[in-house]
Amino acid sequence: MTKPNTNINHHSSFLTMEPKLEEWPRLLAFAEDECQLDPTATLLLEEAMANVVRHSGATKVTLEIEQSENKINIIIIDDGCCFDPTAYQPKESEELEIGGQGIRLMRAMSDSLTYKRENQKNILTISKLL
Amino acid sequence: MEFEYNVERKDKECTLSLSGRLDTLSAANLEPTVKEILSEDPKKLTVDITNLEYISSSGLRCFVELFKGCKKAGAEMTIIGMQPAIREIFDLTGFTKVFGLK
């Protein structure tokens, strides 16, 4: 599902999906089509979606990938309970921790991560410079 | 490249080979095999990831489970063939240090 932006240097694509494993092939196909400029963006998108599946209890998620010449924004909007991944603090430990690794990766691999709660929805924007 | 895995067993030694993309979906598919390997009480486990191209945090969970299971059982776990893209993920999450990788 692609909706070209009016500005020729910008391009936005959208996908609406249910946050469940059965939808993963659609998610990855969307990510691979839209994130060709930066494979890291595929991982960022997957980690954000995995958090929605694990933590928010959402029934619907809308993804937007917005690309310009030098930047990619991944915007994830879900209708689940309030969950702010930017506030979550993964444990600093010498032991192996199962939880929190996705957020650690998102922070390390993105250039900015912003969250807001609006109209009972979580809105996470991940930006990556190209 | 689609995710594929193979398990070879010889006495109490086991080699798990992973290739392709270990993402959220393929990690869920691998999970029963991880449990099965650990239930067989191997003395040595080698995880060959020479052909692993991509790993997400869900894939890392499989490694954590194997590592913890082996540690609990006193078994030795070794990871071989790590490619730079996978190494970067291990480095960023601190797993390189915890797994004792060089």
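Residues numbered from 1 in each chain as written. Chains lettered and ligands numbered in written order. Predicted model: local features only at pLDDT ≥ 70, side-chain atom pairs only at ≥ 80, totals over all residues. Heavy atoms only, no water.

J.: Provide a residue-level description of unusual backbone geometry, including the pertinent values.
T.: Not every positive phi belongs to a glycine, and Asn119(A) is a case in point at roughly 50 degrees. Note that Asn119(A) resides in the loop between strand 5 (112-118) and strand 6 (121-129). The exposure class assigned to Asn119(A) is exposed, which follows from its relative accessible area of 71%. Backbone geometry at Asp41(B) places phi at a positive 55 degrees, although glycine is not the residue there. Looking at where Asp41(B) falls in the secondary structure, it is placed in the loop between helix 1 (24-39) and strand 3 (44-55). Since its relative accessible area comes to 31%, Asp41(B) is described here as partly exposed. (Helix = DSSP H or I, 4+ residues; strand = E, 2+ residues; numbered from the N terminus. Buried < 20%, exposed > 50% of the residue type's maximum accessible area, 1.4 Å probe, protein only.)

J.: How would you sum up the interface of chain B and chain A? Please name residues and give values.
T.: Taken together, the 24 residues of chain B in the interface contact 23 residues of chain A. Carbon and sulfur atoms supply 64% of the area that chain B and chain A bury against each other, a total of about 2100 Å² over both sides. Our count for the contact surface shared by chain B and chain A stands at one salt bridge. The salt bridge partner of Glu32(A) is Arg21(B), with a shortest N-O separation of 3.6 Å. The interface formed by chain B and chain A holds five residue pairs in polar contact (both at pLDDT 80 or more) in total. Among the elements of the structure, helix 1, strand 3, helix 2 (57-73), helix 3 (84-93) and helix 4 (95-98) of chain B are those that each provide at least two residues to the side of chain B that touches chain A. A breakdown of the residues in the side of chain B that touches chain A according to their chemical character gives twelve nonpolar, five polar and seven charged. (Contact = heavy atoms within 4.5 Å. Buried area = accessible area lost by both parts, 1.4 Å probe. Salt bridge = Lys/Arg side-chain N within 4 Å of Asp/Glu carboxyl O. Polar contact = N/O pair within 3.5 Å; in protein donor to acceptor, adjacent residues only side chain to side chain. Nonpolar A, V, L, I, M, F, W, Y, C, P; charged D, E, K, R; others polar.)

J.: Give me the lowdown on the sheet that holds strand 1 (residues 4-10) of chain B, citing residues and values where you can.
T.: Residues and elements named next belong to chain B. An order of 1-2-3-4 is seen for the four strands of this open sheet, with the pairing classed as mixed. Among the strands making up the open sheet, the edge pair consists of strand 1 and strand 4 (76-80). Going across the sheet, the axis of each strand differs from the next one's by a mean of 15 degrees, ignoring polarity. As paired elements, strand 2 (residues 13-22) and strand 3 share nine bridges and run parallel to each other. (Pairing = 2+ DSSP bridges. Axes fitted to C-alpha atoms, helices over the stretch in contact; angles between N-to-C directions.)

J.: Quick rundown of the pairing of strand 6 of chain A? Include the residues and the values.
T.: Residue and element names in this part refer to chain A. With respect to burial, strand 6 is a largely interior element, seven of its nine residues being buried. For strand 4 (residues 71-78) and strand 6, the ladder comprises eight bridges, and the chain directions are antiparallel. For Lys71, the partnering residue across the bridge sits in strand 6 and is Leu129. Of the pairings in the sheet, the one linking strand 5 to strand 6 comprises seven bridges and is antiparallel in character. Its bridge partner being in strand 6, Glu118 is matched across the sheet by Lys121. Turn length for the strand 5-strand 6 hairpin, with the two strands adjacent in sequence and antiparallel, is two residues, and the turn residue Asn119 shows positive phi of about 50 degrees.

J.: Explain the confidence of the model for chain B to me, and be specific about the residues and the numbers.
T.: Looking at chain B as a whole, its pLDDT mean stands at 93, while 100% of the residues score no less than 70. Across the whole predicted complex the pTM is 0.88, and at the interface the ipTM reaches 0.86. (pLDDT = per-residue confidence, 0-100.)

J.: Just give me the short version of the environment of Ile65(A), but keep the residues and values in it.
T.: As for its position among the elements, Ile65(A) is in strand 3 (residues 61-67). If we ignore the near neighbours within four places in the chain, the residues touching Ile65(A) are His11(A), Ser12(A), Ser13(A), Phe30(A), Glu34(A), Cys35(A), Leu45(A), Ile72(A) and Asn73(A).

J.: Residue-level account of the packing of aromatic side chains, with values.
T.: Residue and element names in this part refer to chain B. Taken as a whole and assessed by the stated rule, the structure comprises three aromatic pairs over all chains. Considering the side-chain rings of Phe90 and Phe95, the 6.2 Å spacing of their centres and the 80 degrees angle between planes classify their relative orientation as edge-to-face. Residue classification places Phe95 among the buried residues on the basis of a relative accessible area of 2%. Put simply, the rings of Phe63, Phe90 and Phe95 pair up and form one aromatic cluster. Geometry around Tyr54 places Arg21 over its ring, the cationic atom sitting 4.0 Å from the centre. (Phe/Tyr/Trp six-rings, centres within 6.5 Å; stacked < 30°, edge-to-face > 60°. Lys NZ or Arg CZ within 6 Å of the ring centre and 35° of its normal.)

J.: Break down helix 2 (residues 39-56) of chain A for me, with residues and values.
T.: Residues and elements named next belong to chain A. Between its first and last C-alpha, helix 2 extends 26 Å over 18 residues, near the 26 Å set by a 1.5 Å rise per residue. Of all 18 residues making up helix 2, 13 are buried, and the element is well covered by its neighbours. Positive backbone phi, at 65 degrees, marks Gly57, one or two positions downstream of helix 2. (Expected span 1.5 Å × (residues − 1).)

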